[in-house]
Amino acid sequence: MKVKEIVKVLDAKLVCGQDQVDYSIEVAFASDLMSDVLTLKNDHVLLITGLANMQTIRTAEMSDIRCIIFARNKKATAEMIELALENEMVVLECRYSVFKTCGLLFGAGVKPIF
Amino acid sequence: MAERMQFEYNVDGGNFTRAGYASSEIKKILKKLNVDLAVIKRTVVASYEGEVNIVAHAYSGTIYVDIDTERIRIRLQDEGPGIPDIDKAMEEGFSTASSQVREMGFGAGMGLPNMKKNTDRMEITSEVGKGTTVEIEIVLK
Ligand SMILES: Nc1ncnc2c1ncn2[C@@H]1O[C@H](COP(=O)(O)OP(=O)(O)O)[C@@H](O)[C@H]1O
Ligand SMILES: [Mg+2]
């Protein structure tokens, strides 16, 4: 699913990566545990999380994750956005809970990893 | 590339804002060297978990990187409390992490086991009250 479709499904705010709305994710994974994210082997993963701090962006950087959704109104700070931009990531914010975010995306056809 | 390249980075214990800086620099270097992307990911995931361990569990540390045409070697050396029982620390789920560490998305006792899974060799030496050294190696060919 393309970033622009994700934005539509979640009524999300595109915080950075406006030039990458055609980037396609293949699978999604939801976790607040970064050590869990760091075990993933897949490419083109969408990360759904309620943990908004520098380590979320760092974890995505190490894992080659290019698209992150912060659920439940969690906001990316200026410092996080700067690091995300450096790594050419797409960052989205949405007001739904992690549960609803996952439900909407699953319903729209996004595949899980496991 | 040059036959052999060596780098080192300082890591501050407790500084979560900066945790990952060294691993990020390592990733940039490996990309420039055109190392296979899957190998880069294995390397930086391991170095990042090790870097987070210094930040989370030690007072200060240094990450030494040594790259040649055959392999990548990373030594994460810290001054800190040390690890009393290394076998126990290697067990999946064992953690002494503080609530602050858990708030940062770590502290589930998955770091050391995942470092082991992502590398071709890993060795831990530690002295209680002094510090810990974790050496990892990734074979390039
Ligand atoms: N550099 C270190 N210095 C002291 N103790 C460490 C260090 N690295 C790991 N440990 C110990 O080993 C345990 C397991 O580490 P790890 O698997 O990375 O899990 P976590 O960091 O999530 O607790 C830690 O909780 C800690 O007790
Ligand atoms: Mg750890």
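Residues numbered from 1 in each chain as written. Chains lettered and ligands numbered in written order. Predicted model: local features only at pLDDT ≥ 70, side-chain atom pairs only at ≥ 80, totals over all residues. Heavy atoms only, no water.

Glancing now at the overall build of chain B. For chain B, the helix and strand inventory stands at five helices and five strands. Starting at the N terminus and ending at the C terminus, chain B contains elements arranged as β-α-α-β-β-α-α-α-β-β. Taking 2.2 N^0.38 as the reference for a compact globule, 141 residues should give roughly 14 Å; the C-alpha atoms of chain B span a radius of gyration of 14 Å, in line with that estimate. Summarising its shape, the C-alpha atoms of chain B cover approximately 40 × 30 × 25 Å along the three principal directions. Looking at the 141 residues of chain B, the share that counts as buried comes to 50%. Counting only contacts in chain B whose residues sit at least 6 apart along the sequence, the fraction spanning at least 24 positions is 64%. Accessible surface computed for chain B: about 6,900 Å², of which carbon and sulfur atoms make up 47%. Put simply, chain B has 18 plus and 22 minus side-chain charges, and the middle of one group is 5 Å from the middle of the other. (Helix = DSSP H or I, 4+ residues; strand = E, 2+ residues; numbered from the N terminus. Rg over C-alpha atoms; globule rule 2.2 N^0.38 Å. Buried < 20%, exposed > 50% of the residue type's maximum accessible area, 1.4 Å probe, protein only. Contact = heavy atoms within 4.5 Å. Areas by Shrake-Rupley, 256 points an atom, 1.4 Å probe, with all protein chains shown as cover. Lys, Arg positive; Asp, Glu negative; His and termini not counted. Charge placed at Lys NZ, Arg CZ, Asp CG, Glu CD.)

All names here are of chain B. Spatially, β1-β2-β3-β5-β4 is the arrangement adopted by the five strands of the open sheet, whose pairing is antiparallel. Where the open sheet ends on each side, the last strands, each with one partner, are β1 (4–12) and β4 (121–127). Put simply, the sheet's adjacent strands are angled 10 degrees from each other on average, direction ignored. As judged from the seven bridges shared by β4 and strand β5 (residues 131–139), these two strands associate in the antiparallel manner. For Glu-127, the partnering residue across the bridge sits in β5 and is Gly-131. Across the sheet, helix α2 (residues 37–57) touches β1, β2 (60–68), β3 (71–79) and β5, and the angle it forms with β3 is around 5 degrees. (Pairing = 2+ DSSP bridges. Axes fitted to C-alpha atoms, helices over the stretch in contact; angles between N-to-C directions.)

All right, on to the interface of chain A and chain B then. The partner chain B presents 25 residues to the 22 residues of chain A that form the contact. Between chain A and chain B lies a buried interface of about 1,900 Å² when both sides are counted; carbon and sulfur atoms form 51% of it. It is Leu38(A), Gln55(A) and Met62(A) that lose the most area in chain A upon contact with chain B, and together they represent 34% of the buried surface on that side. On the surface where chain A and chain B come into contact, there are one salt bridge. Where Lys27(B) meets Asp64(A), a salt bridge forms, and the shortest distance between an N and an O atom there is 2.7 Å. Counting residues per element, the ones that place at least two in the side of chain A that touches chain B are α2 (34–37), α3 (54–62) and α4 (78–86) of chain A. The element contributing the most residues to the side of chain A that touches chain B is α3(A), with six residues. Of the residues assigned to the side of chain A that touches chain B, the class counts are seven nonpolar, seven polar and eight charged. (Buried area = accessible area lost by both parts, 1.4 Å probe. Salt bridge = Lys/Arg side-chain N within 4 Å of Asp/Glu carboxyl O. Nonpolar A, V, L, I, M, F, W, Y, C, P; charged D, E, K, R; others polar.)

On to the sheet that holds strand β5 (residues 90–93) of chain A, then. Residue and element names in this part refer to chain A. Reading across from one edge, β1-β5-β4-β3-β2-β6 is the order of the six strands in this open sheet, with mixed pairing throughout. This sheet does not close on itself; its edge strands, each paired only once, are β1 (13–16) and β6 (111–112). Note that β1 and β5 share three bridges and pair antiparallel. By the bridge assignment, Lys-13 is partnered in β5 with Glu-93. Most of the contacts of α3 go to strand β4 (residues 67–70), to which it runs at about 155 degrees, and overall it touches β3 (45–49) and β4.

What follows is about the packing of α2(B) against helix α5 (residues 111–118) of chain B. Residues and elements named next belong to chain B. Where α2 contacts α5, the two axes come as close as 9 Å, and the packing angle between them is 155 degrees. It follows from the interaxial angle that α2 and α5 lie roughly antiparallel. Crossing of α2 over α5 shows left-handed handedness. Counting all contacts with α2, which are made through Arg-42, Val-45, Ala-46, Glu-49, Gly-50 and Asn-53, the residues of α5 involved are Gly-111, Leu-112, Asn-114, Met-115 and Asn-118. (Parallel < 35°, antiparallel > 145°, perpendicular 65-115°, else oblique. Left-handed = near helix turned anticlockwise from the far one by under 90°.)

Inspection of the secondary structure puts Ser63(A) in the loop between α3 and β4. Residue class for Ser63(A) comes out buried when judged on its relative accessible area of 3%. Polar contacts involving the side chain of Ser63(A) include one to the main-chain carbonyl oxygen of Thr59(A), which spans 2.8 Å. Those residues within four positions of Ser63(A) in sequence are excluded, and the remaining contacts are Val37(A), Leu38(A) and Lys41(B). (Polar contact = N/O pair within 3.5 Å; in protein donor to acceptor, adjacent residues only side chain to side chain.)

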